[in-house]
Amino acid sequence: MIPLPSPWLLLAAVLAIGGAYVAGKVEGDDEGSARVQQAWDRSDKLASDTRARRIEANRTKEQGLQANADNEREKQYAETKRLAAGLDAALRELQHRPARPSGLKPSDVPQVAGVAGDVRGCTGADLYRDDAGFLARYSHAARVILAERDTCRRLYNEAREKLSEPVQ
């Protein structure tokens, strides 16, 4: 038969093994936690740096787009002023035309549309002052809308082009 060691020796061995386990577990957890935290910090810093670069690149794009939009609006404003000056000149010229007679009766209007006398074409040269003024204003409004539309299209296309570029 094998002799049993002393109970005190068994207790000391169990305590030594338990103490080594607990010390290793605590020390290992601390080192493991530190390594995991360092890896997390590196990953977080890399993500932050990438995010900061993208934000700066987008801010630069936005500032460029805004500056171009301001220039386009200035051009549109100048075009609108030019069109308004043309309208004013046309309306001044129309002041010399005769006004539409006020006493027209329904019988004065021909039953069939057409022109009588010397036909020079459909230029509007024979229109009364009120009618020609209306058409000049209407034409001016259409030209302003077209200028605004063209500006809007240019700005949209440029923004689409710039914003579709990949960000590094």
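Before reading on, note that the structure itself is shown above.
Let me sum up the structure you'll find in this document. (Residues numbered from 1 in each chain as written. Predicted model: local features only at pLDDT ≥ 70, side-chain atom pairs only at ≥ 80, totals over all residues. Heavy atoms only, no water.)

### Remarks on the overall build of the protein
Moving on, step 1. When helices and strands are tallied, the protein shows 2 helices and 0 strands.
Moving on, step 2. A buried classification covers 10% of the 168 residues belonging to the protein.
Moving on, step 3. When the accessible area of the protein is evaluated, it comes to approximately 14,100 Å², of which 59% is carbon and sulfur surface. (Helix = DSSP H or I, 4+ residues; strand = E, 2+ residues; numbered from the N terminus. Buried < 20%, exposed > 50% of the residue type's maximum accessible area, 1.4 Å probe, protein only. Areas by Shrake-Rupley, 256 points an atom, 1.4 Å probe, with all protein chains shown as cover.)

### A look at the pattern of salt bridges
Moving on, step 1. A complete count under the given rule lists 7 salt bridges for this structure.
Moving on, step 2. We note a salt bridge from Lys-75 to Glu-72, for which the minimum N-O separation is 3.8 Å. Of this pair, Lys-75 and Glu-72 both sit in helix H1 (residues 7-94), 3 residues apart, which is roughly one turn of that helix.
Moving on, step 3. Classification of Glu-72 by relative accessible area gives buried; the value is 8%.
Moving on, step 4. In this structure, Asp-150 and Arg-149 form a salt bridge, with 2.9 Å as the shortest nitrogen-oxygen distance.
Moving on, step 5. Residue Arg-149 is classed as partly exposed on the basis of its relative accessible area, which comes to 37%.
Moving on, step 6. By sharing partners, the salt bridges in this structure join Glu-72, Lys-75 and Arg-154 into a single network. (Salt bridge = Lys/Arg side-chain N within 4 Å of Asp/Glu carboxyl O.)

### Looking at helix H2 (residues 129-163)
An α-helical segment advances 3.6 residues per turn. Residues three or four places apart therefore align on the same side.
Moving on, step 1. The terminal C-alpha atoms of H2, which comprises 35 residues, lie 51 Å apart, in line with the 51 Å expected from a rise of 1.5 Å per residue.
Moving on, step 2. When H2 is considered as a whole, its buried residues turn out to be Ala-132, Gly-133, Ala-136, His-140, Val-144, Ala-147, Thr-151 and Glu-158. (Expected span 1.5 Å × (residues − 1).)

### A few points about a nonpolar patch on the surface
Moving on, step 1. Taken together, the side chains of Leu-127, Phe-134, Leu-135 and Tyr-138 make up a nonpolar region of the molecular surface, amounting to roughly 420 Å² of accessible area.
Moving on, step 2. Within the fold, Phe-134 resides in helix H2. (Patch = residues over 30% accessible without salt bridge, like charges linked within 9 Å, V, L, I, M, F, W, Y side chains within 5 Å.)

### A look at the side chain of Glu-158
Moving on, step 1. Within the secondary structure layout, Glu-158 lies in helix H2.
Moving on, step 2. Despite being buried, Glu-158 has no salt bridge partner; Lys-162 is the closest side chain of opposite charge, sitting 4.8 Å away.
Moving on, step 3. Setting aside chain neighbours within four positions, we find Glu-158 in contact with Leu-65 and Asn-68. (Lys, Arg positive; Asp, Glu negative; His and termini not counted. Contact = heavy atoms within 4.5 Å.)

### Digging into the environment of Arg-97
Moving on, step 1. Note on placement: Arg-97 falls in the loop between H1 and H2.
Moving on, step 2. Here the alpha-carbon distance between Arg-97 and Ala-132, two residues 35 residues apart in the chain, equals 9.1 Å.
Moving on, step 3. Discounting residues that sit within four places of it in the chain, Arg-97 has contacts with Gly-124, Ala-125, Leu-127, Arg-129 and Ala-132.

### Description of the environment of Lys-162
Moving on, step 1. Residue position: Lys-162 is located in helix H2.
Moving on, step 2. Residue classification places Lys-162 among the partly exposed residues on the basis of a relative accessible area of 30%.
Moving on, step 3. Counting along the chain gives 97 residues from Lys-162 to Leu-65, while the straight-line C-alpha distance between them is 8.2 Å.
Moving on, step 4. Beyond its immediate stretch of four places on either side in the chain, Lys-162 contacts Lys-61 and Leu-65.

### Quick word on the side chain of Gln-76
Moving on, step 1. As for its placement among the helices and strands, Gln-76 is situated in helix H1.
Moving on, step 2. The buried category is assigned to Gln-76, whose relative accessible area is 18%.
Moving on, step 3. Setting aside residues up to four positions removed in sequence, Gln-76 forms contacts with Glu-148 and Thr-151.

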